[in-house]
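Close look at the chain arrangement
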Amino acid sequence: MTHWLLAMLACGSIALPALAQDRSAPSPRERTIYVAAVESKGGVHVDHEPFPTHPVPEGGGYLLKKPDDKGRWEVSTYRWDPGTIVVNQGDQVTLEIVGINGNEHPFTIEGYWLTGTVRRGQITRLTFLADKAGIFKIICRTHSPSMQADLVVLENK
Ligand SMILES: [Cu+2]
């Protein structure tokens with residue numbers, strides 16, 4: 001914990017009621033999780049780092065661009081951000097997903113068998129009851145294998 005946060009807690013200017021709650025029996029609640037479809041990219045000139053000799057896995061999730069006419073090469077990967085989403089069983093969950101990179105991302109949430117499509121510049125909202133505990137993949141069917149996130153539904157005992 002940072003010093004400024006400790007100082008604010010000590011002087012009572014902020015409180016953290018969640019820390020004092022009994023977490024053994026969480027009450028179901030509505031949660032909105034904000035997600036972005038993004039492409040992380042890095043590039044360099046061949047004079048600084050040679051172009052990789054090994055190909056990236058197929059499936060559209062990774063892109064490796066050969067050096068351009070100026071000698072710069074690039075690597076990128078499509079991702080859901082965040083890559084792990086944690087909720088409690090019984091929660092009413094809304095995923096609010098914005099498309100930042102890539103024209104569209106058709107996706108499936110395994111186990112819940114929900115589907116949708118995220119498009120660049122648009123918000124896709126998906127609301128569901130997290131009634132099954134477990135870890136479920138949120139898979140983009142266009143950008144395999146990298147564009148997967150884990151939906152973690154904690155068992156409500
Ligand atoms: Cu995608």
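Structure shown above.
All of these numbers come straight from a predicted model, not from anything done at the bench. (Residues numbered from 1 in each chain as written. Predicted model: local features only at pLDDT ≥ 70, side-chain atom pairs only at ≥ 80, totals over all residues. Heavy atoms only, no water.)

Attention now goes to the pattern of salt bridges. On inspection of all chains with the given rule, the structure shows five salt bridges. Linking Arg 31 and Asp 91 is a salt bridge whose minimum nitrogen-to-oxygen distance equals 2.4 Å. Note that Arg 31 is positioned in strand E1 (residues 30-45) and Asp 91 in the loop between strand E4 (84-88) and strand E5 (92-99), a separation of 60 residues in sequence. For Arg 31, a relative accessible area of 16% translates into the label buried. Between Glu 74 and Arg 72 there is a salt bridge whose closest N-O contact spans 3.5 Å. Glu 74 sits in the buried class, given a relative accessible area of 19%. Looking at Arg 72, the relative accessible area reads 38%, which means it is partly exposed. (Salt bridge = Lys/Arg side-chain N within 4 Å of Asp/Glu carboxyl O. Helix = DSSP H or I, 4+ residues; strand = E, 2+ residues; numbered from the N terminus. Buried < 20%, exposed > 50% of the residue type's maximum accessible area, 1.4 Å probe, protein only.)

Under the counting rule described, the total for this entry stands at four aromatic pairs. Between Phe 51 and Trp 73, the aromatic rings sit 5.7 Å apart at their centres with planes inclined by 90°, giving edge-to-face as the arrangement. Here the residue Phe 51 occupies a position in the loop between E1 and strand E2 (62-65), and Trp 73 occupies one in strand E3 (residues 72-81), the gap between them amounting to 22 residues. Residue Phe 51 is classed as partly exposed on the basis of its relative accessible area, which comes to 25%. Ring centres of Tyr 112 and Phe 136 lie 5.0 Å apart, and the angle between their planes is 80°; this geometry places the pair in the edge-to-face category. With Tyr 112 in the loop between strand E6 (104-109) and strand E7 (114-119) and Phe 136 in strand E9 (residues 134-140), this pair connects stretches of sequence that are 24 residues apart. Summarising the burial analysis for this pair, Tyr 112 and Phe 136 share the class buried. (Phe/Tyr/Trp six-rings, centres within 6.5 Å; stacked < 30°, edge-to-face > 60°.)

Listed as protein donors to the copper ion are His 105 (ND1), Cys 140 (SG), His 143 (ND1) and Met 147 (SD); their distances from the metal cover 2.0 to 2.4 Å. Bound by four donor atoms, the copper ion shows angles of 97 to 130° at the metal and therefore tetrahedral coordination geometry. For Met 147, a relative accessible area of 0% puts it in the buried group. (Donors = N, O, S within 2.8 Å, 3.2 Å for Na, K, Ca; no water. Tetrahedral: all angles 85-135°; square planar, octahedral: opposite > 155°, others 65-115°.)

On to the side chain of His 105, then. Relative to the helices and strands, His 105 resides in strand E6. Here Asn 101 takes part through its backbone oxygen, which lies 2.7 Å from a polar atom of the side chain of His 105. Looking at His 105, its side chain comes within polar contact range of the side chain of His 143, at 3.1 Å. (Polar contact = N/O pair within 3.5 Å; in protein donor to acceptor, adjacent residues only side chain to side chain.)

Once that is clear, we can look at the nonpolar core. Trp 80, Leu 95, Ile 109, Ile 138 and Leu 151 are the most contacted members of the largest nonpolar core, which totals 24 residues. Where this core is concerned, the elements lending two or more residues are E1, E3, E4, E5, E6, strand E8 (123-129), E9 and strand E10 (148-154). (Core = buried A, V, L, I, M, F, W, Y, C linked by side-chain atoms within 4.5 Å.)

The next point concerns the sheet that holds E10. Sheet strands pair by backbone hydrogen bonding; their relative direction is either parallel or antiparallel. Spatially, the five strands line up as an open sheet ordered E4-E10-E9-E6-E7, and their pairing is mixed. One side of each edge strand has no neighbouring strand; the edge strands of this open sheet are E4 and E7. For this sheet, the mean inter-axis angle between neighbouring strands, taken without regard to orientation, is 20°. Of the pairings in the sheet, the one linking E6 to E9 comprises three bridges and is antiparallel in character. Looking across to E9, one finds that Ile 109 is bridged to Ile 138. (Pairing = 2+ DSSP bridges. Axes fitted to C-alpha atoms, helices over the stretch in contact; angles between N-to-C directions.)

The values are spatial; any link to function lies outside them.
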